[in-house]
Amino acid sequence: MPTFIIEREIPGADKLSSDQLCNISATSNKAVRDLDKPYKWITSYVAGDKFYCVHEAESADVIREHAKLGGFPADKVTEVTAIIGPTTETGGKMG
């Protein structure tokens with residue numbers, strides 16, 4: 001399944017309480033169940049007034065459907081085309 005980065009503009013996101021973040025998580029999980037399509041929420045990062053979410057789905061349209069079900073913005077949906085990190089330089093081998 002393709003992986004997508006979703007950018008969500010949510011003013012004050014970095015000031016949300018733990019309870020508010022738990023509620024957002026529960027709402028997202030319910031939206032995943034209600035989709036009745038292959039879908040996986042990998043992780044999300046809160047930074048300033050934005051959420052950056054990593055999800056797997058069949059298409060960007062399914063990502064937007066999840067957002068609509070959950071009542072979340074999906075301001076920008078971008079498919080991941082490559083993943084790199086510290087070991088990319090050595091072909092994935094450490095050392």
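First, a word on what this report is: a plain description of the structure on this page. None of the values given here were measured: they were computed from a predicted structure. (Residues numbered from 1 in each chain as written. Predicted model: local features only at pLDDT ≥ 70, side-chain atom pairs only at ≥ 80, totals over all residues. Heavy atoms only, no water.)

1. Quick look at the overall build of the chain
The secondary structure content of the chain amounts to two helices and four strands. Along its sequence from the N terminus, the chain presents helices and strands in the succession β-α-β-β-α-β. Based on the C-alpha atoms only, the size of the chain along its principal axes is roughly 45 × 30 × 20 Å. Expressed as a percentage of the 95 residues in the chain, the buried residues total 24%. In the chain, of all internal contacts separated by at least 6 residues, the share reaching a separation of at least 24 is 72%. Accessible surface for the chain amounts to roughly 6,200 Å². Of this, 52% is attributable to carbon and sulfur atoms. (Helix = DSSP H or I, 4+ residues; strand = E, 2+ residues; numbered from the N terminus. Buried < 20%, exposed > 50% of the residue type's maximum accessible area, 1.4 Å probe, protein only. Contact = heavy atoms within 4.5 Å. Areas by Shrake-Rupley, 256 points an atom, 1.4 Å probe, with all protein chains shown as cover.)

2. Observations concerning the environment of Cys 22
Summarising the element assignment, Cys 22 is placed in helix α1 (residues 18-35). Measuring from C-alpha to C-alpha, the distance between Cys 22 and Tyr 52 comes to 16 Å, with 30 residues separating the pair along the chain.

3. Regarding the environment of Arg 33
If you trace the backbone, Arg 33 turns up in helix α1. Look at Arg 33 and you get exposed, because its relative accessible area is 58%. Arg 33 sits 33 residues away from His 66 along the chain, and the two C-alpha atoms are 9.5 Å apart.

4. Points about the pattern of salt bridges
For the structure on display, the rule yields six salt bridges. Its salt-bridge partner being Glu 65, residue Lys 37 comes within 2.6 Å of it at the nearest N-O pair. Placement of Lys 37 in the loop between α1 and β2 (39-47) and of Glu 65 in helix α2 (residues 60-70) is noted, with a sequence separation of 28 residues between them. Among the salt bridges present, the one from Arg 64 reaches Asp 61, with a minimum N-O distance of 3.6 Å. Taken together, the positions of Arg 64 and Asp 61, both in helix α2 and three residues apart, correspond to about one turn of that helix. Under the relative-accessibility criterion, Arg 64 is labelled partly exposed at 40%. Using a relative accessible area of 57% as the deciding quantity, one classes Asp 61 as exposed. Look at the salt bridges and you will find they share partners, linking Glu 7, Glu 9 and Lys 50 into a network. (Salt bridge = Lys/Arg side-chain N within 4 Å of Asp/Glu carboxyl O.)

Honestly, it's all geometry; don't read function into it.
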